[in-house]
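Structure at a glance
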Amino acid sequence: MDSQNSQKIDRVLQFSLLTAGQEDFGSRELGPIHLIKYLYLADLEHAKYKGTPYTNVPWTFYHFGPWDHGAFSRIEPALEAIGARKRTIDSAQSKYEKEFVRWLATDEKLHEELERELPLIVRGVVHKYVHQFNAVTEDLLHYVYTTWPMLNAKPGEALNFNLPDYLRKKKRYGEQDNENEQLTVRQQKKRTESIRVVKSEFRKRLKAKRRKPKIRLAPPPYDDIYFEGLKTLDSLAGKEISDISGVVSFSDDIWKSKARFDPDVP
């Protein structure tokens, strides 16, 4: 990994942590697993609009998502360089991390400096996803797993950031995101007015709905007829399903199945 790419990686990692440092108290710490995923999302967003990842990290499908040892090894020196505080909890259990490590850094001035240095695409996506997922590991991993490079790869395989054919055939990525920028001032005003009218109508209907008297449902009488009815319904369901145990095996071909990544496949 050359020095230029290492510097890009360091800057994104530092910016991610400093962005988390602007969140509410108690939501400012990130672990290595979160930082590496925000780095991946920055590369993904850059590839989406510019055609290539920002850092050129050779990402691979490893265990729970995208991974690169070289990028991971940059976390500690990059964060120590900005004076980040490392917290290690040996007693904590995590199914995603071997040790429970959290980093914290709050430096508004440095955050602004990195914000000016990084491309708009990169800093925008970091702001978006750090605020959305923060250190909620399962939600972040689920989202990352559903990105197109992951859905088009199998474990151990290098991730391909080229836009796949099934997405090229659909509306071009980014058109909807930039829709507001393409509108004229008059169109924007018209859209704003339309939204205002819809919101106003919604508030009226909500207010009218609240005026309606609430219907209170009485609980059913739990008598012999009630329990006989339950027995009849159970008998209509057929025989009770018994518990079984075993091992299910899937072919490696399942990783390349269109059902994983193509929404048009039933």
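Residues numbered from 1 in each chain as written. Predicted model: local features only at pLDDT ≥ 70, side-chain atom pairs only at ≥ 80, totals over all residues. Heavy atoms only, no water.

This part is about the packing of helix α1 (residues 3-20) against helix α6 (residues 120-133). Packing of α1 against α6 brings their axes to within 10 Å, and their N-to-C directions diverge by 40°. In terms of axis orientation, α1 runs oblique to α6. Two packed elements cross with a definite hand, and for α1 against α6 that hand is right-handed. Here α1 contributes Val-12, Phe-15, Ser-16, Thr-19 and Ala-20 to the contact with α6, which in turn contributes Val-122, Arg-123, Val-126, His-127 and Val-130. Here the contact of α1 with α6 is composed, by residue class, of 6 nonpolar, 3 polar and 1 charged. (Axes fitted to C-alpha atoms, helices over the stretch in contact; angles between N-to-C directions. Helix = DSSP H or I, 4+ residues; strand = E, 2+ residues; numbered from the N terminus. Parallel < 35°, antiparallel > 145°, perpendicular 65-115°, else oblique. Left-handed = near helix turned anticlockwise from the far one by under 90°. Contact = heavy atoms within 4.5 Å. Nonpolar A, V, L, I, M, F, W, Y, C, P; charged D, E, K, R; others polar.)

Now for the pattern of salt bridges. As enumerated under the stated definition, the model contains 7 salt bridges in all. Lys-86 is the salt-bridge partner of Glu-76, the closest N and O atoms lying 3.5 Å from each other. Of this pair, Glu-76 sits in helix α4 (residues 75-80) while Lys-86 sits in strand β3 (residues 85-89); the two residues are 10 residues apart in sequence, bridging distant segments of the chain. We classify Glu-76 as partly exposed; its relative accessible area is 34%. Across the pair Glu-157 and Lys-256 runs a salt bridge whose closest N-O atoms are separated by 2.6 Å. Taken as a pair, Glu-157 in the loop between α8 (148-151) and α9 (165-168) and Lys-256 in the loop between α12 (224-236) and α13 (258-261) lie far apart in primary sequence, 99 residues in all. Classification of Lys-256 by relative accessible area gives partly exposed; the value is 43%. (Salt bridge = Lys/Arg side-chain N within 4 Å of Asp/Glu carboxyl O. Buried < 20%, exposed > 50% of the residue type's maximum accessible area, 1.4 Å probe, protein only.)

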